[in-house]
Amino acid sequence: MRSSIESWPMPHQLYVVVAIAAGILLVSLGVTAALALRIRRLRAERDRAVTLAQEELARDVHDIVGHWLWLASIKSELAYRRAAGDARLRGELGEALQAVRHAAHAVRHVSKGNRQLSFQGESTRAEALLASFGIDCTVRVECSRLPRNVSAALGTVIREGVTNMLRHSAVSRCVIELTEQEGLLRLAVANDGASRREPPHSPGDGLDNLRHRVAGLSGTVRASTGDDGWFRLIAEVPRKFSE
């Protein structure tokens, strides 16, 4: 009894050859598909790595350069106001202030969407910034683990509060306090040296923007100057909010 393929009828031999060819083709297609999938995964990993590197760079630019530009903007503005009696110096300071503001805007544009403010980060920056002006700053925190969006909103409140106090007050002391009661977070940014002659805010300024942002978290913002000469910016936000 013959067992070799050559002894088989021709139709059977063709069937075997076709089956073997089809098997080889299927294996080849499988290997090709696996390689293509592997290549796509490697490209996706590469793209994610590039994106993460870009985001990290943007955060570094915003954290390092943005902070110092903000500080330079505040100090330049104060110097500009104090140079009211010297027209030439005031003009030069005005140009420098505009340049710093344009640079700060460019940094914000580059890092937009890649870096989010936080309560912890802005309270730490506020302490360092105010200390550089010789201002005593006390930070009290009675709660932790804030939701990211709430932390970002409160960080914005701190930044706006510190900017306003440096621009509009003869401040020597500042208190930043975050408390929680029955699920309601209360952030108070207070400073002495406020003038009763000036309104705490004007329409269209940063405080209106804060109100709009915090309202999106079902919260409120209010500002007032007391008889004791302290200006208080208070934001209240529920830890858990519903749209």
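Here the structure is a predicted model, which means the values were calculated and not measured. (Residues numbered from 1 in each chain as written. Predicted model: local features only at pLDDT ≥ 70, side-chain atom pairs only at ≥ 80, totals over all residues. Heavy atoms only, no water.)

So, the packing of helix 3 (residues 119-132) against helix 4 (residues 148-168)
Here is step 1 of the chain: Contact geometry for helix 3 and helix 4: axes closest at 7 Å, N-to-C directions at 20°. Relative to helix 4, the element helix 3 is oriented roughly parallel. Viewed along their axes, helix 3 and helix 4 form a crossing whose handedness is left-handed. Touching F119, E122, S123, R125, A126, L129 and L130 of helix 3 are S151, L154, G155, I158, R159, V162, M165 and L166, all from helix 4. (Axes fitted to C-alpha atoms, helices over the stretch in contact; angles between N-to-C directions. Helix = DSSP H or I, 4+ residues; strand = E, 2+ residues; numbered from the N terminus. Parallel < 35°, antiparallel > 145°, perpendicular 65-115°, else oblique. Left-handed = near helix turned anticlockwise from the far one by under 90°. Contact = heavy atoms within 4.5 Å.)

Looking at unusual backbone geometry
Here is step 1 of the chain: In the Ramachandran plot, E182 falls in the positive-phi region, its phi being about 55° despite a non-glycine side chain.
Here is step 2 of the chain: Its location among the elements puts E182 in the loop between strand 2 (173-181) and strand 3 (184-191).
Here is step 3 of the chain: Phi at S218 takes a positive value of approximately 60°, unusual for a residue other than glycine.
Here is step 4 of the chain: By the secondary structure assignment, S218 is in the loop between helix 5 (206-215) and strand 4 (220-225).
Here is step 5 of the chain: Taking relative accessible area as the criterion, S218 reaches 42% and is therefore assigned partly exposed. (Buried < 20%, exposed > 50% of the residue type's maximum accessible area, 1.4 Å probe, protein only.)

Topic: helix 3
Here is step 1 of the chain: The end-to-end C-alpha distance of helix 3 is 20 Å, a good match for the 20 Å that 14 residues give at a rise of 1.5 Å each.
Here is step 2 of the chain: Within the span of helix 3, buried status applies to F119, G121, E122, S123, R125, A126, L129 and L130.
Here is step 3 of the chain: Residue G134 follows helix 3 closely and has a positive phi angle near 75°. (Expected span 1.5 Å × (residues − 1).)

Quick look at the nonpolar core
Within soluble globular proteins, side chains that are nonpolar generally end up buried alongside one another.
Here is step 1 of the chain: If you look at the biggest cluster of nonpolar residues, it comprises 38 residues, and the most contacted ones within it are L154, V162, L166, L187 and L233.
Here is step 2 of the chain: When residues of this core are traced back to their parent elements, those giving at least two are helix 1 (10-82), helix 3, helix 4, strand 2, strand 3, helix 5, strand 4 and strand 5 (231-238).
Here is step 3 of the chain: In terms of residues, this core owes the most to one element, helix 4, which gives eight residues.
Here is step 4 of the chain: The residues contacting L187, other than those within four sequence positions of it, are F119, L154, V157, I158, I176, E177, L178, L233, I234 and A235. (Core = buried A, V, L, I, M, F, W, Y, C linked by side-chain atoms within 4.5 Å.)

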